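An overview of the molecular structure
Take a look at the letters that make up each chain.
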Amino acid sequence: MDVDLVLTADAATIDGSGKLNLLGVFDQISVGRFPARHGRLSLVLRFLGGAGDAGTHKLTIKLSSPKGKELVSLSGELKVSPGRTSLQTGIRVPHVINLDGIVFQEEGIHTFHILVDGRHQATLPLTIVSRRMGGAMA
């Protein structure tokens with residue numbers, strides 16, 4: 001399984017037909033002071049594979065600070081059904097993980113690391129800035 005989409009948003013859902021709905025996509029959060037607690041963010045992923053990828057895969061997600069400290073570590077199973085296979089696109093599986101109350105201790109580029117079956121598949125930077133330094137607010 002590969003990851004062909006990874007982003008952060010204010011909210012995301014997957015409807016009954018598998019369509020991904022996004023609200024407020026961002027890559028930067030502006031805060032007034034540190035430590036800063038962010039209410040909620042949705043980590044949006046889409047996995048891509050072929051018929052041979054049907055089955056259960058181990059999913060690991062880690063968020064690290066600019067200095068490499070691990071802030072979040074999640075692991076679970078991703079179950080892929082062979083019924084989702086298309087000749088043109090293969091298997092596409094959208095996934096939304098809501099993360100509530102993450103506390104950021106410092107400014108800088110924080111990084112999500114996505115692993116499938118122990119193999120690194122994607123990296124997503126998330127920049128945390130102080131409002132005193134400027135920047136848009138998420």
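Scroll up a little and you will see the structure.
Parameters at a glance
- Counting starts from 1 at the beginning of each chain's written sequence and moves along it residue by residue.
- In keeping with the model being predicted, local features are shown solely for residues with a pLDDT of at least 70 and side-chain atom pairs are shown and tallied solely at 80 or more, while totals for entire chains, interfaces and linings include all residues.
- The side-chain numbers reported here are obtained from all heavy atoms of the structure, hydrogens and water having been left aside.
- Criterion used throughout: strands pair if DSSP finds at least two bridges between them.
- By definition, any uninterrupted DSSP run of H or I lasting at least four residues is a helix, any uninterrupted run of E lasting at least two residues is a strand, and each is numbered from the N terminus.
- The angle between two axes is taken between their N-to-C directions and runs from 0 to 180 degrees, where each axis is a line fitted to C-alpha atoms and a helix contributes only its stretch in contact.
- Buried residues of nine kinds, namely Ala, Val, Leu, Ile, Met, Phe, Trp, Tyr and Cys, make up a nonpolar core once their side-chain atoms join them within 4.5 Å.
- The cut-offs for exposure are 20% and 50% of the maximum accessible area for each residue type, with area from a 1.4 Å probe on protein chains only; residues under the lower value are buried, those over the upper are exposed, and the others partly exposed.
- Here a residue-residue contact requires only that any non-hydrogen atoms of the pair lie within 4.5 Å.

1. A word on the sheet that holds strand 1 (residues 2–14)
Read from one edge to the other, the open sheet built from four strands follows the order 2-1-4-7, with strand pairing classed as antiparallel. With one partner strand each, in any of the chains shown, strand 2 (20–26) and strand 7 (91–104) form the two edges of the open sheet. The mean inter-strand angle of the sheet, taken between neighbouring strand axes irrespective of direction, is 45°. Pairing geometry for strand 4 (residues 36–49) and strand 7, over 13 bridges, is antiparallel. Within the sheet, the bridge partner assigned to Leu 41 lies in strand 7 and is Leu 99.

2. A look at the nonpolar core
Ranked by size, the top nonpolar core spans 30 residues in total, and within it Leu 43, Leu 45, Phe 47, Phe 112 and Ile 114 carry the most contacts. Those residues in contact with Leu 43 that lie beyond four places of it in its chain are Val 6, Leu 7, Thr 8, Ile 61, His 95, Val 96, Ile 97, Leu 99, Phe 112, Ile 114 and Leu 124.

3. A short note on the pairing of strand 2
Both strand 1 and strand 2 contribute to a ladder of six bridges, which runs antiparallel. Within strand 2, the position partnered with Ile 14 by the bridge is Leu 20.

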